[in-house]
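Coordinate inspection notes
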Amino acid sequence: MLGGSNNSLNIGHTKHNFHISFAEAASDGEIKYDVFVTFSSKDSKWVTSNLTPLLERNRLKYCIHSRDFELGRALVDNMAESVYSSRKVLAVMSKNYMDSKFCRGELDMALHRSRVAHKGSLLVVRIDGIKKKKLPKALREQTFVDYHNDKDRTGWEKRLLRFLVETEVDQNRYITKL
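Residues numbered from 1 in each chain as written. Predicted model: local features only at pLDDT ≥ 70, side-chain atom pairs only at ≥ 80, totals over all residues. Heavy atoms only, no water.

Quick word on the packing of helix H4 (residues 75–84) against helix H6 (residues 101–116)
Between H4 and H6, whose axes approach to 10 Å, the crossing angle comes to 40 degrees. Overall, the two elements H4 and H6 adopt an arrangement that is oblique. Along this stretch, H4 crosses H6, giving a crossing that reads as right-handed. Residues Leu75, Val76, Met79, Ala80, Val83 and Tyr84 of H4 form the contact with H6, whose participating residues are Phe102, Gly105, Glu106, Met109, Ala110, His112 and Arg113. (Axes fitted to C-alpha atoms, helices over the stretch in contact; angles between N-to-C directions. Helix = DSSP H or I, 4+ residues; strand = E, 2+ residues; numbered from the N terminus. Parallel < 35°, antiparallel > 145°, perpendicular 65-115°, else oblique. Left-handed = near helix turned anticlockwise from the far one by under 90°. Contact = heavy atoms within 4.5 Å.)

Some details on the packing of helix H2 (residues 44–57) against helix H9 (residues 156–165)
At their nearest, the axes of H2 and H9 sit 11 Å apart, and the two run at 55 degrees to each other. In terms of orientation, H2 lies oblique with respect to H9. In the packing of H2 onto H9, the handedness of the crossing is right-handed. Taken together, the residues of H9 that come into contact with H2 (itself represented by Trp46, Asn50, Leu51, Leu54, Leu55 and Arg57) are Trp156, Glu157, Leu160, Leu161 and Leu164. The residue inventory of the contact of H2 with H9, partitioned by class, reads eight nonpolar, one polar and two charged. (Nonpolar A, V, L, I, M, F, W, Y, C, P; charged D, E, K, R; others polar.)

Concerning the sheet that holds strand S7 (residues 122–126)
An order of S5-S4-S6-S7-S8 is seen for the five strands of this open sheet, with the pairing classed as parallel. Both outer strands of the open sheet, strand S5 (62–64) and strand S8 (145–146), are each paired with one neighbouring strand and no more. Both strand S4 (residues 33–38) and S5 contribute to a ladder of three bridges, which runs parallel. Its bridge partner being in S5, Phe36 is matched across the sheet by Cys63. In this fold H4 packs onto S4, S5 and strand S6 (86–93), with an angle of close to 115 degrees to the strand it touches most, S6. (Pairing = 2+ DSSP bridges.)

As structure tokens, this is what we get:
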């Protein structure tokens, strides 16, 4: 469940309800990362084999939960901080991702941020055969990188990098960081 006013977000899970205001999510408003990569731990092999080498080769500063979440801090606070202190959010979409309540929580935050504050800040890379109808409605009509499709896999890195290096100047123009 996703709800809230323009400056807050309520995320409901089976046993937990989280309420996050923008002030809490980005404690100082500082952008620390080019991209927050949200993915299921079950897909970490794909991330470390395919994605992180690409990010490192292109000198993009990225945040991943296994390395960058602050120990001892509430998980929902780490999730919110990562989403709101990154220029972009990259969701590595898979069946494993959609089965994880923590991944869904990160996705809810990223969708809310993209819808309310930073349009175009979320990109999805599909890495397995998960059907579009299994995705949240907000993602079904959105363009995404389809690594799972052999035909679309060609050029996926270039498409991803183009998204990650665009910086919004105003509502209608973008500049490229590279």
